[in-house]
Amino acid sequence: MTLTRAQLHELYYYLRLNRRVDEQLTNLYRQGKVVGGVYSSLGQEAISVGTAYALGPEDFIGPMIRNVGAMLVRGYRPRDVFLQYMARQDGPTGGRDANTHFGDLARGVVAPISVLGELVPVLAGVGLAAKIRKEKRVALTYVGDGATSTTQFHEGVNFAAVAKLPLIVIAENNGWAYSTPVEKQMAVKDIAERAKAYGIPGVIVDGNDVLAVYEAARAAADRARRGLGPTLIEAKTMRMKGHAEHDDARYVPQAVLEKWRKKDPILRFEKYLAEKRLMTASERAALEARMEKEIREDVAFAESSPFPPPEDAARPVWA
Ligand SMILES: Cc1ncc(C[n+]2csc(CCOP(=O)(O)OP(=O)(O)O)c2C)c(N)n1
Ligand SMILES: [Mg+2]
């Protein structure tokens with residue numbers, strides 16, 4: 001374990017921030033203030049936070065809907081997320097696009113689109129550019145279990161493998177792709193098994209253990225930087241809510257959710273920090289107070305931001 005006490009606190013802060021942003025988005029949605037859907041990362045925070053934390057500022061990520069945590073680690077603030085979900089003028093896309101469909105190349109964040117698996121070849125391209133320019137950059141992106149069945153996933157991973165590109169693909173196996181369970185999605189038991197067919201390492205990690213996720217991403221990044229090519233990391237987890245806030249997920253057995261609630265990644269990390277005496281109760285309270293203040297201020301800021309003026313609608317778009 002190479003992380004310092006301060007870094008462990010930072011990891012914990014991002015996990016909590018991810019969860020609080022998520023809870024706040026749900027509140028805003030229920031108040032009718034969100035334009036579009038809310039895609040929760042409840043219970044999956046350790047994957048976004050642990051992987052993004054393992055990268056350096058020169059690296060690139062391609063987040064998907066459940067990776068708000070990774071965007072927070074890359075420097076976006078809760079207000080950016082609230083503004084974007086509420087389609088306000090001061091938001092990252094000025095109200096033009098929804099949910100996590102925003103990015104900033106200066107921050108190393110590639111904006112996603114909805115098409116599943118699409119970011120895999122795009123981030124492979126980032127890796128290819130880095131390789132051609134001899135830059136020690138790593139590109140990391142996320143797919144769900146469902147997204148690993150797409151053509152784009154296959155083409156992207158295969159190309160990255162053949163060209164030995166510095167790509168890390170995080171497969172978040174949360175058991176469901178909308179209402180389709182994993183066993184109806186694929187005939188292999190583990191997504192990681194698919195890596196064999198591309199000739200790259202396939203690693204399975206406990207997606208609810210932030211330190212394990214961090215270590216796996218760290219190792220894959222080191223490997224990529226040494227020119228050894230891509231890694232597929234399967235993070236086992238569970239989608240703890242419906243596909244989005246409109247979906248009550250009645251098709252998910254309650255007993256399964258109950259089992260996974262006991263493995264909550266944040267409670268687990270809290271327990272670890274307490275047992276190892278790495279965070280005191282007062283340190284935790286201070287962190288919580290700082291975060292709550294930020295959430296409160298950012299919600300207020302986002303709510304007071306105007307909607308974009310209609311005459312602005314055709315400005316910066318492609319055509
Ligand atoms: C190519 C493609 N097919 C279908 C959809 C519609 N769709 C959006 S999210 C989703 C489920 C995704 O499941 P998974 O990849 O497991 O990710 P999760 O939602 O569990 O994070 C589907 C079917 C899409 N956006 N793109
Ligand atoms: Mg899924």
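Residues numbered from 1 in each chain as written. Chains lettered and ligands numbered in written order. Predicted model: local features only at pLDDT ≥ 70, side-chain atom pairs only at ≥ 80, totals over all residues. Heavy atoms only, no water.

(A) Fine view of the overall build of the protein chain. Secondary structure assignment for the protein chain yields 11 helices and 7 strands. For 319 residues, the compact-globule formula gives about 20 Å, and the C-alpha radius of gyration of the protein chain, at 19 Å, lands near that figure. Taken over the C-alpha atoms alone, the protein chain extends approximately 55 × 50 × 40 Å along its principal axes. Put simply, of all contacts in the protein chain between residues at least 6 apart along the chain, 76% involve residues at least 24 apart. (Helix = DSSP H or I, 4+ residues; strand = E, 2+ residues; numbered from the N terminus. Rg over C-alpha atoms; globule rule 2.2 N^0.38 Å. Contact = heavy atoms within 4.5 Å.)

(B) Geometry of unusual backbone geometry. The backbone of Ala87 shows a phi angle near 55 degrees, a positive value even though the residue is not glycine. Checked against the element boundaries, Ala87 lands in the loop between helix 4 (78–85) and helix 5 (119–132). Ala87 sits in the buried class, given a relative accessible area of 9%. The phi angle at Tyr178 is positive, at roughly 50 degrees, despite the residue not being glycine. Overall, the relative accessible area of 37% leaves Tyr178 in the partly exposed class. (Buried < 20%, exposed > 50% of the residue type's maximum accessible area, 1.4 Å probe, protein only.)

(C) Up close: the pattern of salt bridges. In the structure shown here, the tally under the stated rule is 26 salt bridges. When the shortest N-O distance is used, the salt bridge between Arg20 and Glu23 registers 2.8 Å. One end of the pair, Arg20, and the other, Glu23, are both in helix 1 (residues 5–30), 3 residues apart, so they sit about a helical turn from each other. Among the residues examined, Arg20 registers a relative accessible area of 11% and is labelled buried. As a salt-bridge pair, Lys189 and Asp190 come within 3.6 Å of each other at their nearest N and O atoms. Within the structure, one salt-bridge network assembled from shared partners comprises Lys189, Asp190, Glu234 and Lys236. (Salt bridge = Lys/Arg side-chain N within 4 Å of Asp/Glu carboxyl O.)

(D) Summary view of the side chain of Glu172. You can see Glu172 is positioned in strand 3 (residues 167–173). Buried and unpaired, Glu172 has Arg66 as its nearest opposite-charge partner, separated by 6.6 Å. Among residues more than four places away in sequence, those in contact with Glu172 are Gln44, Ile47, Asn67, Tyr142, Val143, Gly144, Asp145 and Ala235. (Lys, Arg positive; Asp, Glu negative; His and termini not counted.)

(E) Quick peek at the coordination of the magnesium ion (ligand 2). Bound to the magnesium ion (ligand 2) are the protein donor atoms Asp145 (OD), Asn174 (OD1) and Trp176 (O), situated 2.0 to 2.2 Å from the metal. Counting gaps between the donor residues of the magnesium ion (ligand 2) yields the pattern D-x28-N-x1-W. Highlighted residues: Asp145 in the loop between strand 2 (139–144) and helix 6 (151–162) and Asn174 in the loop between strand 3 and strand 4 (176–177), separated in sequence by 29 residues. When sorted by exposure, Asp145 lands in the same class as Asn174, which is buried. (Donors = N, O, S within 2.8 Å, 3.2 Å for Na, K, Ca; no water.)

(F) Structural context of the pairing of strand 7 (residues 231–236). Burial analysis of strand 7 places 5 of its 6 residues in the buried class, which makes it a mostly covered element. One ladder, built from 6 bridges, connects strand 3 with strand 7; its direction is parallel. Across the sheet, the residue bridging to Ile168 is Thr231, located in strand 7. Pairing geometry for strand 6 (residues 202–206) and strand 7, over 5 bridges, is parallel. Across the sheet, the residue bridging to Gly202 is Leu232, located in strand 7. (Pairing = 2+ DSSP bridges.)

(G) Local environment of the confidence of the model for the protein chain. Taken over all residues, the pLDDT of the protein chain has a mean of 97, while the share at 70 or more is 100%. Ranking the helices and strands of the protein chain by mean pLDDT puts strand 7 first, with 99, and helix 9 (residues 254–261) last, with 97. (pLDDT = per-residue confidence, 0-100.)

(H) Layout of the site of ligand 1. Among the 13 residues in the neighbourhood of ligand 1, the closest are listed as Arg66, Gly146, Ala147, Asn174 and Trp176. Between Ser114 and ligand 1, the recorded distance is 2.9 Å, taken from a backbone N or O atom to a nitrogen atom. Interatomic distance of 3.1 Å between a side-chain N/O atom of Asp145 and an oxygen atom of ligand 1. Its free accessible area being 580 Å², ligand 1 has 68% of it covered by the protein chains. Within the shell around ligand 1, the residues separate by chemical class into 6 nonpolar, 5 polar and 2 charged. (Near = heavy atom within 4 Å. Polar contact = N/O pair within 3.5 Å; in protein donor to acceptor, adjacent residues only side chain to side chain. Areas by Shrake-Rupley, 256 points an atom, 1.4 Å probe, with all protein chains shown as cover. Nonpolar A, V, L, I, M, F, W, Y, C, P; charged D, E, K, R; others polar.)

(I) Broad picture of the packing of aromatic side chains. For the structure on display, the rule yields 7 aromatic pairs. Aromatic side chains Tyr12 and Phe269 sit 6.4 Å apart centroid to centroid with 40 degrees between the ring planes, which places their arrangement in the tilted category. With Tyr12 in helix 1 and Phe269 in helix 10 (residues 265–275), this residue pair connects regions lying 257 residues apart in the sequence. Among the residues examined, Tyr12 registers a relative accessible area of 0% and is labelled buried. Given the relative accessible area of 4%, Phe269 is considered buried. (Phe/Tyr/Trp six-rings, centres within 6.5 Å; stacked < 30°, edge-to-face > 60°.)

(J) Highlighting the packing of helix 5 against helix 6. Running from amino to carboxyl end, helix 5 crosses helix 6 at an angle of 20 degrees, the nearest separation of the two axes being 8 Å. Of the possible angle classes, the one that applies to helix 5 and helix 6 is roughly parallel. Crossing of helix 5 against helix 6: the hand is left-handed. Packed against helix 5, whose contacting residues are Val120, Pro121, Ala124 and Leu128, the element helix 6 presents Gln152, Phe153, Gly156, Val157, Phe159 and Ala160 at the interface. When grouped by side-chain class, the residues that make up the contact of helix 5 with helix 6 number 8 nonpolar, 2 polar and no charged. (Axes fitted to C-alpha atoms, helices over the stretch in contact; angles between N-to-C directions. Parallel < 35°, antiparallel > 145°, perpendicular 65-115°, else oblique. Left-handed = near helix turned anticlockwise from the far one by under 90°.)

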